[in-house]
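Spelled out, the chains give:
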Amino acid sequence: GVQTCALPILSGARCRRGALLMLGSLVIRLLVNTAALLIAALVVKSFDDSAIVILNWQSALLAGALIGLVNALIRPLVSCLTCLVQVITLGLFTFVLNALMLLLSAEVFRQVVPLFPELQLGFAVNGFWPAFFTALLMSIASTLLTRLVK
């Protein structure tokens, strides 16, 4: 029979390799997001212990995935809607957007956690400024980690 592929330009073994490469890339991105979150949280918690809460590694992994999803699906729309503000502030409003996306991810996490009570998950960002500095540090850590991985 005819073999179909999610990647239209590939077929057969090339399709499987392409799909594996994409999956590997997603896993690496998830791990980089999670590591950047943990690094940023560690630094921010050193100034205010209650600023950000990550209960365990499962929470960090799920939070990293949610941050990735929010940044991939919602952030582009919000960036378009706030384009004029970003231009007026010479791009500095991007830092505010990053903080808002982190707060949104934490809220989504809070809504999802009750679905899995047996996992004992916990992730919270307590306020705008902790979110702002965590997002800023995550951007730096993510950039450095991505360069290290590639």
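This one's a predicted model, so the numbers in the text were calculated from it and none came from an experiment. Residues take numbers from 1 onward in each chain, read along the sequence in its written order. Reporting of local features is limited, given that this is a predicted model, to residues whose pLDDT is at least 70; pairs of side-chain atoms are given and counted only at 80 or more, and all residues count toward the totals for whole chains, interfaces and linings. As a rule here, side-chain values cover all heavy atoms of the structure and leave hydrogens and water aside.

Student: An account of the pattern of salt bridges is requested, with residue identities and associated values reported.
Tutor: The term salt bridge refers to a side-chain nitrogen of Lys or Arg lying within 4 Å of a carboxyl oxygen of Asp or Glu. For the structure shown, the criterion picks out two salt bridges. As a salt-bridge pair, Lys-45 and Asp-49 come within 3.5 Å of each other at their nearest N and O atoms. One salt bridge in this structure joins Arg-110 and Glu-107, with 2.7 Å as the shortest N-O distance. You can see Arg-110 and its partner Glu-107 sitting in helix H5 (residues 93-112), three residues apart, about one turn around the helix. Given the relative accessible area of 32%, Glu-107 is considered partly exposed. Each helix corresponds to a stretch of at least 4 residues labelled H or I by DSSP, and each strand to a stretch of at least 2 residues labelled E; elements are numbered beginning at the N terminus. Burial classification: accessible surface area is computed with a 1.4 Å probe over protein chains only, and a residue below 20% of its type maximum counts as buried, one above 50% as exposed, and the rest as partly exposed.

Student: Any details on the packing of H5 against helix H6 (residues 128-149)? Residues and values, ideally.
Tutor: At their nearest, the axes of H5 and H6 sit 8 Å apart, and the two run at 105 degrees to each other. Classified by the angle their axes make, H5 and H6 are roughly perpendicular. Facing Phe-95, Val-96, Asn-98, Ala-99, Leu-102 and Leu-103 of H5, the residues of H6 in contact are Phe-128, Ala-131, Phe-132, Thr-134, Ala-135, Leu-136, Met-138 and Ser-139. In terms of residue class, the contact of H5 with H6 is made up of 11 nonpolar, three polar and no charged. For helices, the fitted axis covers only the stretch in contact; all axes are lines through C-alpha atoms, and the angles between them, taken along N-to-C directions, range from 0 to 180 degrees. Should an angle fall under 35 degrees it is called roughly parallel, over 145 degrees roughly antiparallel, and 65 to 115 degrees roughly perpendicular, with every other angle called oblique. Here a residue-residue contact requires only that any non-hydrogen atoms of the pair lie within 4.5 Å. Each residue gets one label: Ala, Val, Leu, Ile, Met, Phe, Trp, Tyr, Cys and Pro are nonpolar, Asp, Glu, Lys and Arg are charged, and the others, such as Gly, are polar.

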